[in-house]
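# Geometric and topological summary
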Number of protein chains: 2
Amino acid sequence: METRFILLVWVVPGVAATLVSARADDARILQTARAVFGRVPAQAEEIPNNPTSKDKVALGKMLFFDPRLSKGGTLSCNSCHNLAMGGDDNLPTSVGHGWQKGPRNAPTVLNAVFNVAQFWDGRAEDLKTQAKGPVQAGVEMASTPERVESVLKSIPEYAERFGRAFPGEDSPVTFDNMARAIESFEATLITPDAPFDRYLGGDEAALDANQKAGLRLFVTKGCIACHSGVNIGGRSYHPFGVLKKPTADILPAGDTGRFALTNTEADHYVFRAAPLRNVALTAPYFHSGQIWTLEEAVKIMSDSQLGGVLDENEVAQVAAFLRSLTGKLPEVTLPELPAETAETPRPQP
Amino acid sequence: METRFILLVWVVPGVAATLVSARADDARILQTARAVFGRVPAQAEEIPNNPTSKDKVALGKMLFFDPRLSKGGTLSCNSCHNLAMGGDDNLPTSVGHGWQKGPRNAPTVLNAVFNVAQFWDGRAEDLKTQAKGPVQAGVEMASTPERVESVLKSIPEYAERFGRAFPGEDSPVTFDNMARAIESFEATLITPDAPFDRYLGGDEAALDANQKAGLRLFVTKGCIACHSGVNIGGRSYHPFGVLKKPTADILPAGDTGRFALTNTEADHYVFRAAPLRNVALTAPYFHSGQIWTLEEAVKIMSDSQLGGVLDENEVAQVAAFLRSLTGKLPEVTLPELPAETAETPRPQP
């Protein structure tokens, strides 16, 4: 008993000192985190040049769920950006018209409004530009603006709803307005109140010790060089494989990233830093979608971007931190889509 | 003036007599309708051998929306029984794994609990038996019971939810219990309060004159011989083309209906009478799904089953009546599906 008591007396001050210094360290990290990241707001801000309204959001939700925007009548925005599954499809790459495989992993639509631009290479400046892409892509929904407009004009309830969503326009049922309505809906798809948001807000108990250690590593080891802002990423472009090229399954040679857009040597294999909000819900990871666990993904990032700065335990801690980025998912009630009419172009599966 | 007044005096009693007789006639039809049909209840009754619970319904909803029940990870029950589109997919026949076309039009899941049996040929005695079909069908979700169980067991939240939905069972995560949970959810997908239900309940203004005329024709011309009960169909089997064989696109020779099940001569081209609840939302029509308007469908029924008893105006009236069968759709909030784990079998698109 006596020996144990002496030991305790000897140990306790050390532990206390460590605790004090850990708390001071936590506070410094929190201060940095507050400067570098941002909390997901309760409501998304207004989108420039696309004022929102209840009618527009309601219409956008209908369009988001309507498979008749696709040529085959089978695929909607929600097919690949499934709001029941973290806003993506949990596939390496999506399956489109005719069972074709898409070229890159479908990013989540949740909090996408906070990204600097859309798609892995940022080729769409905003969500309304993005929304027009998959509808027309031959390997995705395979439709055309003309077909979409014919479909929507043939359904009286859509014509009426476009009129209310775009008041004062002579001919509101347009492909552009389809995209604007979808953007308005998507801007509502944000996930506030993640444990990490509560931590940023001052709730020290919102992260456990492992997650705090992971945040510390995330801040001090260089992850924040690319993953910052409200979305912990999604706002800048960086080459994948700075220090070590990942294997070809993860970074296929044929997909050169932004180089295909800019034809600039420096843009070889450059991608938009992945936004990490709700990343625990959006496996598989990277644009190639070959990696299924957060631990593997963190290890690959550590090796390829930072020269292997994380050991196995630290990888697990960063993964634990990333799990604190899962927010409160929006409650989405299915829309009631109006029936097609005799004039509606028929699906061509 | 005088002439018109006289004319009026002469006409009014006739109109009044007609009105009185029309009202008496309406009352007789209503009496018959109440005997032959049934109102959709506010809540579905208990299902034999599958007691419901909140936990079971909630689990069933998750499973209904989970594409990981399919081999490719792309198709869920809701893909073909889309609750945003009247509970079906508005396609001639569904598109399944590998973009294969299904053999028959997908029936609506709405009010399916009131059918005597499931599928066009009634080969599944109830919804839990039905639910196992598409999950395993090679041209649909293309999975196996073993794969489904592996997927569900690999996701801790599912394991926990099966435990709560099937309390007291040693090993609750089974393919059978998947089907039972889906059945419990599907039993909630009913659509009360259609104009026709209000009419049956005594609200004479719930149907307009055209719809009442359509109901009268529906009752007096023989439609009710097959289309009766709560679902206005769905409870008995009849040959398609009794009096005149429809064209081969509508009744393909290769699909012999219940004959394939029973191998009985009398079952050649026998199908379950289509349940007509919400039929305005579920084009295209018939098991072959080639007919897109109610008017065409009614005309074909009149010709093939009743020897052409309806003229063009009457066809329109019956179609108007059928539009009064659209009820209040269930409000469905998307579930939050739990993320897969390192152990989850990967999609094989």
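Criteria and cut-off values
Residues numbered from 1 in each chain as written. Chains lettered and ligands numbered in written order. Predicted model: local features only at pLDDT ≥ 70, side-chain atom pairs only at ≥ 80, totals over all residues. Heavy atoms only, no water. Contact = heavy atoms within 4.5 Å. Buried area = accessible area lost by both parts, 1.4 Å probe. Salt bridge = Lys/Arg side-chain N within 4 Å of Asp/Glu carboxyl O. Polar contact = N/O pair within 3.5 Å; in protein donor to acceptor, adjacent residues only side chain to side chain. Helix = DSSP H or I, 4+ residues; strand = E, 2+ residues; numbered from the N terminus. Buried < 20%, exposed > 50% of the residue type's maximum accessible area, 1.4 Å probe, protein only. UniProt positions renumbered as here; feature names shortened; annotations may be inferred. 1 Å grid on protein atoms, 1.4 Å probe; cavity = no way out; pocket = protein on both sides within 12 Å on 5 of 7 lines; lining within 4 Å. Points joined across faces, edges and corners; volume = space filled by probe spheres on them. Nonpolar A, V, L, I, M, F, W, Y, C, P; charged D, E, K, R; others polar. Patch = residues over 30% accessible without salt bridge, like charges linked within 9 Å, V, L, I, M, F, W, Y side chains within 5 Å. Areas by Shrake-Rupley, 256 points an atom, 1.4 Å probe, with all protein chains shown as cover. Lys, Arg positive; Asp, Glu negative; His and termini not counted. Charge placed at Lys NZ, Arg CZ, Asp CG, Glu CD. Arc of directions from axis to C-beta. Least-squares fit on C-alpha atoms with pLDDT ≥ 70 in both. Phe/Tyr/Trp six-rings, centres within 6.5 Å; stacked < 30°, edge-to-face > 60°.

## A word on the interface of chain A and chain B
Often the size quoted for an interface is simply the accessible area lost on bringing the parts together. Listed per partner, the contact involves 41 residues of chain A and 41 residues of chain B. Both faces combined, the contact of chain A with chain B buries some 3,200 Å², and carbon together with sulfur accounts for 70% of it. When the buried surface of chain A facing chain B is broken down by residue, A:Trp99, A:Trp292 and A:Leu334 rank first, second and third, together holding 22% of it. Connecting chain A to chain B are 0 salt bridges. The interface formed by chain A and chain B includes 6 residue pairs in polar contact (both at pLDDT 80 or more).

## Some points on the pattern of salt bridges
Within this structure, the stated rule accounts for 36 salt bridges over all chains. Counted as one network, the salt bridges with shared partners bring together A:Arg104, A:Asp121, A:Arg123 and A:Asp255.

## Focus: unusual backbone geometry
Residue and element names in this part refer to chain A. The step from Ala-283 to Pro-284 runs through a cis peptide bond, and the omega angle for that step is -5°. Here Pro-284 shows up in the loop between β4 (270-272) and α11 (294-306). You will see that Asp-193, though not glycine, has its phi angle at about 70°, which is positive. Note on Asp-193: relative accessible area 40%, which makes it partly exposed.

## Describing the UniProt feature "domain: Cytochrome c" (unreviewed entry) in chain A
Within the UniProt annotation, "domain: Cytochrome c" (unreviewed entry) is assigned to residues 55-163 and 209-326 of chain A. In the segment residues 55-163 of chain A, helix accounts for 39% and strand for 4%; the C-alpha atoms at its two ends are 9 Å apart.

## Focus on empty space enclosed by the protein
Enumeration according to the criterion identifies 3 cavities of 30 Å³ or more in this entry. Its boundaries defined by the atoms lining it, the largest cavity holds a volume of some 590 Å³. Put simply, the parts of the chain that give the lining of the largest cavity at least two residues each are α3 (77-80) and β1 (95-96) of chain A together with α3 (77-80) of chain B. In terms of residue class, the lining of the largest cavity is made up of 18 nonpolar, 14 polar and 2 charged.

## A look at a negative patch on the surface
On the surface, a cluster of negative charge is contributed by A:Glu331, A:Glu336, B:Glu331 and B:Glu336. Examined against the element boundaries, A:Glu336 turns out to sit in the segment after α12 (312-323). For A:Glu336, a relative accessible area of 48% corresponds to the partly exposed category.

## Things to note about helix α4 (residues 127-136) of chain B
Residue and element names in this part refer to chain B. Those residues of α4 that fall on the buried side of the exposure criterion are Leu-127, Lys-128, Gln-130, Ala-131, Pro-134 and Val-135. The buried residues of α4 occupy an angular sector of 155° when the element is viewed end-on, so they sit on one face. Where α4 is buried, its residues meet α5 (145-153) and α7 (175-186).

## Thoughts on the relation of the copies chain A and chain B
The second copy of the chain is related to the first by a rotation about an axis and a shift along the axis. Placing chain A over chain B gives an RMSD of 0.0 Å and needs a rotation angle of 180°, together with 0.0 Å of translation along the axis. This pairing of chains is accounted for by a two-fold axis. Ranked by how close their C-alpha atoms come to the rotation axis, the residues of chain A are headed by A:Thr333, at 2.0 Å. A shared binding surface is used by both copies, with 100% of the interface residues of chain A retained as interface residues in chain B.

## As for the packing of aromatic side chains
Residues and elements named next belong to chain A. According to the stated counting rule, one finds 18 aromatic pairs over all chains in the structure shown. Look at Phe-64 and Phe-185: their rings are 5.4 Å apart centre to centre, the planes differ by 65°, and that puts the pair in the edge-to-face class. Of the two residues, Phe-64 is situated in helix α2 (residues 54-65) and Phe-185 in helix α7 (residues 175-186); the sequence distance between them amounts to 121 residues. Residue classification places Phe-64 among the buried positions, given a relative accessible area of 0%. The class of Phe-185 is buried, set by a relative accessible area of 4%. Their ring planes at 35° and their centres at 5.2 Å tell us that Phe-240 and Phe-286 sit as a pair that is tilted.

## Describing the layout of surface pockets
Residue and element names in this part refer to chain A. Volume-wise, the second largest pocket comes out at about 710 Å³. Lining of the second largest pocket is provided by 39 residues; of these, His-227, Ala-274, Leu-276, Phe-286 and Met-301 occupy positions nearest its centre. Going through the elements one at a time, β3 (237-239), β4, α11 and α12 are the ones with two or more residues in the lining of the second largest pocket.

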